[in-house]
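One-letter residues, chain by chain:
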Amino acid sequence: MDYYVLREIITILVFLFSIIPSLNIPSYETPFSPHYQFYGGTPSECLLSRLGESVKAPIGIADYGISPNGPFIRNTTQLMGVVKIYSLKASSTASYAPNSITFQLNAVISYQHDGKQYAIWVQNVLLYDTKTRNVVFVDNLWNFTSLHANVTGVKGSGNISAADIRNHYITFYYDYAETPGSNVTVSLPAEIMLLSNVTTNLKGEPVVCFWYNDGYGWQKYDEVTLTNAPGSTNVYFLIDGYNYTGNKEYYDAEFVIAGPGDGSCVDVTSSYLTLRLEYWNGHNFQEVRNAFNFGSDTGETAWGVKTSFYTSANGEPEVLITSGKQVLTQLWEDDQVSTLVIHTNIVQGNITVLPEHSLNSPNYSVYSVPFRGGEAVLTIVQGEFGIIVSNSSGVAGEANVVISSPGIYTVSITQFSVKAEGTVMVPNTGTEVEFPVNITAEGVVRLSVTSNGNLSISYPLSVSVNGSLSLPITVSAKNLTPAVYDVIINVTLLPGIWKVVFVKVVVISDKYTFNLTYESKGDMPRPYVVLKFPNGSSVNLQLPVSTVVPNGTVYNVERVIDEGDVRWVTPNSTEGIVNFTTTLSIEYFMQFLVNFTFTVKGDKGYGIPYIQYCYLGHLNDTAPGLVWADAYSKYSYPECLPGSGNGERWISFNYSGVISKPGEVINTYYYNQFFVNVKELPFPLYALINGSNTTLVSGWYNASDVIEVENITYYPKSGERYVILSVSPPVIRVNSPVNIDVNYVKQYLVTVESDIPLYALVNGSNITLTTGWYGSGDTIHVENISHYLNYLTREVPLNITPKDFVVESPVTVKVRSVTQYFITLISPIPVKLDVNGSPQEALGGLWLDSGSRVTILNYSFYMSPFEKCIITEISPETFNVSSPETVVIETEKEFLVVVDNVSAWYPYGYKLTLNAHIPFYEVGKFVGNFTVPVGSAITVRGFVEEHLVEYINYPLIGRASSVLVIIPVLWYLIKRVKKH
């Protein structure tokens, strides 16, 4: 991890746990708080006693509610601190942030709950590293209601923690910003704004919000609700010069620089920056009117800071922070600054107040102050200022004001305007004539009046206007030649904001030259003019005229000259008074008297047309009849008569022309037509219209036209066609609007390539599928069904392509089939075959492809483990399939015979002798399906199992035993006999 990033994280963590209200909070061991010793007495007394001291303290702007007239109380819902850093170097006593400094916007929220007043101290803090220019934003809440009071019952984005304040663990709330613009590096110069505001939610719980703006737009990084105080009242930031909080701290508002936390001190080695502390006055943010250069409630301090009274670009006071000797002092107070109250002519917008010379800057709008409620109140220094009020529609009003000494100034904004009479008559005898210039403005305006002649003009160079003023301007024209002179009046309210009005000054004399000519199209008689002189005499002269007449002579020129159906007429003014040198030219228009008429073929329901024609060079409208129209000018009837619409119209195809001769009768013919609406089709529709073949489309058709729609199938391309199913109506005599509805189907050609009949399900219905036209969207499933030529011969489809499809284009269905013959198998047992090298098994018969090579296999068929059939004869045994065939198989049954565990198969009816070899002294028999002595014969008619049973031949053994007994006895007897 980067060293600086790690260090910033450590700085934030230490800062969150270490920014404390003050390290001088009394402990239980100290009966009197160092605050009492530091500030002893009333807030005003202890504050003023510190002035002039050179000690470590938080430095910047603080409003304690102390003015030259004594203490005061101010409450507001919003506070804003603005710092503009041009350069800054500093070191702190905090080892974890050796180059960091804080800008702290500190204030006390006061509210009442359950009859008790509470004080919560809030900090909106900018942590700035003077080496890396990294910025981080942090907030804190502390309980100032009483000594050692804890912050409880709060809900926000942060956490509750505890700090050891002189052996007392006090809980407080903290959070740090993770919104855009926090923990970033800024470029200098940098303007950074902190904003804290307080309100209540629907439950009446106090809610405080923390904001900042460092170039990323306004970011609300925390919203803290005091959830243990529902129904609270009088919730606001309180500045109170009369009282301390419950823990003996000031009710003040501060925007100060100090150490980076934990009661640390920052040593400012080099600095050039400005600070502003503004409060919301209900209309706009306003700089505080009484400011000290040091704070009190925070425990962090600064050293080496020099403060100076500074005037911002828009005339508001602010503090300039440089390095130097640090002295506690008062920056400004009510007796040194002024309050400017501006009443506007809009509800909300922006007000720009700048020294007049600054308004020439194209960027003056960056100093504008948003306002609402139709009013703005600013704290301002002495000087001459211009005021511009604007909103989204542009500039709404302007004014200027001179702040000559401290006080309250009120300005009402109006829309700056200047008006004057257009023409002023001035004799050339030297008589002075006054004319008014009406000025609407607020402030001092400057005038400049010029002319293009030697007029003598008298006017003030500047004048103060409070709302509106009628300013007299004096002009004289002694011995000037009678003529019209232009006077230019420039009225300036602010640099770059001025109004210019023009006045024509007509200089008159006793006698004037009078020149009168005329012009005309066509050869016209010369017109006459009657001149009536001031002495009552008159003269009738034919134009053109050039003469000298007395001032005040009245002239009257002949306006119309008639000659039957032709006349000449002028649109010019033909009467007037000669009171200056006059040259006039009268323009005459030649006109013909024409009769506009019209004829209609068709039923009633139409209106009268109004014809457009030229009269004295301008377009005019008239109903049919006699009118005077400019000769050789164009005329135009309406293309359709009034009343046309809803499917019926009266239309002319020759409705305009040129008026070419007098007495002309101009007639326009209108046809009655009805709209025939043809359903939109993807193919052309053909019809006989009055017997002529044409393509029928939606359009206008003459009344009584006969339309016969033709049912013609249209083929747009190969394999595709549109078939008309029905037309409604098929025949029409046009006498009203009509809709022609065409019911049609789109079809595609399906081509079947198959040697056998083919069956298919078309939209679920079974049909024989043949080559033909099928509807677009039809669903076709081709069935795999064999075609039987007879009961022993058939054709079997092997492959159908495609088999399932939706008709959306021309399709070719291809079928590949094979001929099969039935092979009859006459056999009591299943038959095993070799068909083209592949084994098969069948019983009774099977279908085989034509040309198959067949071999009948000889095998034994076991009906059970004890019974089988053996094939004795196959006919035929091998053959090629070319026609139906019958195969006969002869078989013989055999049964399993097991004799004394020796198995053998014997045919049905076989005579089997059961023999066995046994000792002479035993006898035996066979036991099983049969019980017979050894040597017996049995007949095999099924499964046989026999076991040999042997036993002693007791009769034989008895006889043998007797012999054995007798022989020794005989031997013994013989021996005795021999002895004797």
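Under the annotation held in an unreviewed UniProt entry, the protein carries the name Thermopsin and is attributed to Stygiolobus caldivivus.

A few words on the overall build of the protein. A count of helical and extended segments in the protein gives 4 helices and 85 strands. If you line up the protein on its principal axes, its C-alpha atoms span 220 × 125 × 50 Å. Out of the 980 residues in the protein, the part that is buried amounts to 47%. Counted over contacts in the protein with a minimum sequence separation of 6, partners at least 24 positions apart contribute 63%. Of the roughly 46700 Å² of accessible surface on the protein, 51% is carried by carbon and sulfur atoms. Computed over 56 positive and 84 negative side-chain charges, the separation of the two mean positions in the protein equals 10 Å.

Taking strand neighbours across the sheet as the criterion, the 4 strands line up as S73-S72-S75-S78 in an open arrangement whose pairing is antiparallel. On the outer flanks of this sheet lie strand S73 (838-842) and strand S78 (878-880), each paired with one strand and no other. Adjacent strand axes in the sheet meet at a mean angle of 25° when their direction is disregarded.

A separate point is the pairing of strand S56 (residues 685-689). Alternating positions in S56 separate cleanly, Leu685, Ala687 and Ile689 being buried on one face and Tyr686 and Leu688 remaining unburied on the opposite face. As defined by bridge partners, S56 adjoins strand S57 (residues 692-696) across 5 bridges and the pair is classed as antiparallel. Looking at S57, one finds that Tyr686 is bridged to Thr695. Here S56 folds back onto S57 in antiparallel fashion, the turn holding 2 residues, of which Asn690 has a positive phi close to 55°.

Once that is clear, we can look at the sheet that holds strand S32 (residues 408-412). On the basis of which strands lie adjacent, the open sheet formed by 3 strands has the order S29-S26-S32 and mixed pairing. Looking at the sheet topology across the chains shown, the edges are occupied by strand S29 (375-380) and S32. Direction aside, the axes of adjacent strands within the sheet are offset by 20° on average. Inspection of the sheet shows strand S26 (residues 338-343) paired to S29 by 6 bridges, in the antiparallel sense. Counterpart to His343 in the pairing with S29 is Glu375.

So, about the packing of aromatic side chains. Across all of its chains, the model carries 39 aromatic pairs by this definition. Between Tyr244 and Tyr250 the ring centres are 5.5 Å apart and the planes differ by 55°, which places this aromatic pair in the tilted class. Given the relative accessible area of 2%, Tyr250 is considered buried. Between the aromatic rings of Phe598 and Tyr606, the centroid separation amounts to 6.5 Å while the plane-to-plane angle is 85°, which identifies the pairing as edge-to-face.

For the rest of this paragraph, the subject is the pattern of salt bridges. Applying the stated criterion to the full structure yields 12 salt bridges. Between Arg50 and Glu53 there is a salt bridge, with the nearest N and O atoms lying 1.9 Å from each other. Measuring nitrogen to oxygen at the nearest pair gives 3.7 Å for the salt bridge that ties Asp334 to Arg289. On the criterion of sequence distance, the pair formed by Asp334 in the loop between strand S25 (330-332) and S26 and Arg289 in the loop between strand S20 (285-287) and strand S21 (291-294) is long-range, its members being 45 residues apart. On the accessibility criterion, Arg289 (21% relative accessible area) is partly exposed. Connected via shared salt-bridge partners are Arg276, Glu278 and Glu318.

What counts, and where the lines are drawn
Residues numbered from 1 in each chain as written. Predicted model: local features only at pLDDT ≥ 70, side-chain atom pairs only at ≥ 80, totals over all residues. Heavy atoms only, no water. Helix = DSSP H or I, 4+ residues; strand = E, 2+ residues; numbered from the N terminus. Buried < 20%, exposed > 50% of the residue type's maximum accessible area, 1.4 Å probe, protein only. Contact = heavy atoms within 4.5 Å. Areas by Shrake-Rupley, 256 points an atom, 1.4 Å probe, with all protein chains shown as cover. Lys, Arg positive; Asp, Glu negative; His and termini not counted. Charge placed at Lys NZ, Arg CZ, Asp CG, Glu CD. Pairing = 2+ DSSP bridges. Axes fitted to C-alpha atoms, helices over the stretch in contact; angles between N-to-C directions. Phe/Tyr/Trp six-rings, centres within 6.5 Å; stacked < 30°, edge-to-face > 60°. Salt bridge = Lys/Arg side-chain N within 4 Å of Asp/Glu carboxyl O.

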